[in-house]
Amino acid sequence: MTETETPDPVEAEQDEVDADGSDSHDLSPNTDERLASAHALLETYQAKEIERLAAGLSVPADLLTLTGTTVADYINDDGSVDTDRVEAAVAAVITERPGLRRPAPATDPSQGQGNGVPKPSKPTWGGLFHP
């Protein structure tokens, strides 16, 4: 390099080396561990979202167990959970094993939680005068 040439910043950056011989732009030594931990946490969140979407099953975690699928089978390219795939898998499990459907809540119509249809009113003397 002559006196009129200016140093290339990229080459100068590549020449920088710390005293221990490592590149000054290396990430911390536990980066791989932290990345693996973050990936495992993300997969846990995705599994919980799949279970939330599989609420049609009596035990939502059975979706992955009974179908032999993994979390990755229900993930889109952008990393989000594919709700259509989950719903289709839940429908397939329920079709194959109807007993795995989440049971409807039992209600006692005498307790006011019935079907919501009002009972017909009984005729009264006042109703004769106001049709």
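Just so it is clear, the structure is predicted and the values come from calculations on it, not from any experiment.

Procedures and definitions
- Residues numbered from 1 in each chain as written.
- Predicted model: local features only at pLDDT ≥ 70, side-chain atom pairs only at ≥ 80, totals over all residues.
- Heavy atoms only, no water.
- Patch = residues over 30% accessible without salt bridge, like charges linked within 9 Å, V, L, I, M, F, W, Y side chains within 5 Å.
- Areas by Shrake-Rupley, 256 points an atom, 1.4 Å probe, with all protein chains shown as cover.
- Salt bridge = Lys/Arg side-chain N within 4 Å of Asp/Glu carboxyl O.
- Helix = DSSP H or I, 4+ residues; strand = E, 2+ residues; numbered from the N terminus.
- Buried < 20%, exposed > 50% of the residue type's maximum accessible area, 1.4 Å probe, protein only.
- Core = buried A, V, L, I, M, F, W, Y, C linked by side-chain atoms within 4.5 Å.
- Contact = heavy atoms within 4.5 Å.
- Expected span 1.5 Å × (residues − 1).

This part takes up a nonpolar patch on the surface. Together, W125, L128 and F129 make up an exposed nonpolar region whose accessible area comes to about 480 Å². Inspection of the secondary structure assignment puts F129 in helix 5 (residues 125–129). By relative accessible area, F129 is classed as exposed at 67%.

For the rest of this paragraph, the subject is the pattern of salt bridges. On inspection of all chains with the given rule, the structure shows two salt bridges. Linking R52 and E49 is a salt bridge whose minimum nitrogen-to-oxygen distance equals 2.7 Å. Here R52 and its partner E49 are both found in helix 2 (residues 31–53), three residues apart, which amounts to about one turn of the helix.

Among the nonpolar cores identified, the biggest contains 17 residues, and I50, L57, L63, Y74, V86 and V90 are the most heavily contacted of them. Leaving out residues up to four positions away in the same chain, V90 has contacts with A54, G56, L57 and L63.

Between its terminal C-alpha atoms helix 2 stretches 33 Å, which fits the 33 Å expected from 23 residues at 1.5 Å a residue. When we look at burial in helix 2, the residues that qualify are Q46, A47, I50 and L53. The elements touched by buried residues of helix 2 are helix 3 (62–67) and helix 4 (83–96).

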